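Examination of the molecular architecture
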Amino acid sequence: MTEQTSIEQVLVVPTMLFHEIGHFQGFNRNTEPYMKTLLDPMHTSYRPRDEMEQDPSFKQLIPYCIFMHNGQVFHYERGTDQGESRLHRKRSIGVGGHISTLDESETEHAYILGMRREIDEEIEIQGEYTQELVGILNDDITEVGKVHLGIVHLFNVDNPKVFPKEASMIQTRFSSPAELLEQLDQFETWSQICLEALFGEQSGK
């Protein structure tokens, strides 16, 4: 494999495009205008991940998948084996990652295939589930957030048998949203935003 082909190429959109659709900080449930434009091949491109991690003029599109069973939320701690050093030792409720050129297909959008691949790489789900798109996530306050844009999917599993496949995913379990909200400062920023947006009202926070 040559040096050129070994560099991961990830799916991005110009940050300016996101601003044109409607910039926001935090969580936005109005997904339609964003998804319609952000996943349009006219606007997307694949660029070297190492460069994009330092270039806020582009947003890397990241599926951020949250798993629930009977009202409880799956969560874990990111170990030091995890790729993004800026998130080490942070707790998280999100599963997912970058979409790359390896996800390109003539039959389905690379975003959908990439989301499935990321889930399959990170966890094992024993049982059936349903899935819905619930929001767009943006955080321009942190260095990690400035170069990423989250697309939040909520998965409801019919039993709590969700197991980690990666060594970097430790201390996995299901807990009530109220319990996680009480421990909010232990979570990565994206998880904090999602917990407050999706469950804050029902917990009175």
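Above this text you will find the structure in question.
What you see as residue numbers is a count from 1 along each chain, following the sequence as written. Per-residue local features are limited, in this predicted model, to residues with pLDDT of at least 70; the limit for side-chain atom pairs, both in listing and counting, is 80 or more; totals at the level of whole chains, interfaces and linings are taken over all residues. For side-chain calculations, the full set of non-hydrogen atoms in the structure is used, while hydrogens and water are omitted.

1. Section: the overall build of the protein
The line we're drawing: Every helix listed is a DSSP run of H or I at least four residues long, and every strand listed is a run of E at least two residues long, numbered separately from the N terminus. We compute the radius of gyration from the C-alpha atoms alone; for a globule the expected value is 2.2 Å times N to the 0.38, where N is the number of residues. Partly exposed describes any residue whose relative accessible area lies between the buried limit of under 20% and the exposed limit of over 50%, with all areas from a 1.4 Å probe on protein chains only and scaled to the type maximum. Whether two residues are in contact is decided by their heavy atoms, any of which lying within 4.5 Å being enough. Per-residue and other accessible areas follow the Shrake-Rupley method at a 1.4 Å probe size, with only the shown protein chains counted as cover for residues. Note on charges: Lys and Arg go in the positive column, Asp and Glu in the negative column, and His and the chain ends are not counted at all. Where a charge lies is defined by one atom per residue type, namely NZ (Lys), CZ (Arg), CG (Asp) and CD (Glu).
When its secondary structure is counted, the protein shows eight helices and 11 strands. Computed over its C-alpha atoms, the radius of gyration of the protein comes to 17 Å, within 12% of the 17 Å expected for a compact globule of 205 residues. With the C-alpha coordinates of the protein rotated into their principal frame, the extents come out at 45 × 40 × 35 Å. Going through the 205 residues of the protein one by one, you find that 48% of them count as buried. Within the protein, counting contacts between residues at least 6 apart in sequence, those at least 24 apart form 73% of the total. Summed over all atoms, the accessible surface of the protein reaches about 10400 Å², with 47% contributed by carbon and sulfur. Charge-centre separation for the protein: the mean point of 17 positive side chains lies 4 Å from the mean point of 34 negative side chains.

2. Structural notes on the environment of Thr 44
Positionally, Thr 44 belongs in the loop between helix H3 (32–38) and strand S3 (45–48). Put simply, Thr 44 and Val 12 are 32 residues apart on the chain and 5.7 Å apart in space, counted from C-alpha to C-alpha. Not counting residues up to four positions away in its chain, the partners in contact with Thr 44 are Leu 11, Val 12, Val 13, Leu 38 and Leu 39.

3. Observations regarding the nonpolar core
Let me state the cut-off plainly: What makes a nonpolar core is a set of buried Ala, Val, Leu, Ile, Met, Phe, Trp, Tyr and Cys residues whose side-chain atoms join them at distances within 4.5 Å.
Phe 67, Phe 74, Val 95, Ile 119, Ile 123 and Ile 136 are the most contacted members of the largest nonpolar core, which totals 29 residues. Of all elements in the fold, only strand S1 (9–14), helix H2 (15–22), H3, strand S4 (58–69), strand S5 (72–78), helix H5 (110–122), strand S9 (148–157) and strand S11 (169–175) reach the threshold of two or more residues within this core. If we skip the residues at most four places from it in the chain, Ile 136 touches Phe 24, Gly 26, Phe 27, Asn 28, Thr 31, Tyr 34, Met 35, Leu 149, Gly 150 and Ile 151.

4. Topic: the pairing of S5
Just so we agree on the cut-off: Strands qualify as paired when DSSP identifies two bridges or more between them.
Extensive coverage of S5 is indicated by the burial of six of its seven residues. Direction of pairing for S4 relative to S5: antiparallel, over a ladder of two bridges. Each bridged residue has a counterpart across the sheet, and for His 69 the counterpart in S5 is Gln 72. Count of turn residues in the S4/S5 antiparallel hairpin: two residues, of which Asn 70 carries a positive phi of about 50°. As defined by bridge partners, S5 adjoins S11 across five bridges and the pair is classed as antiparallel.

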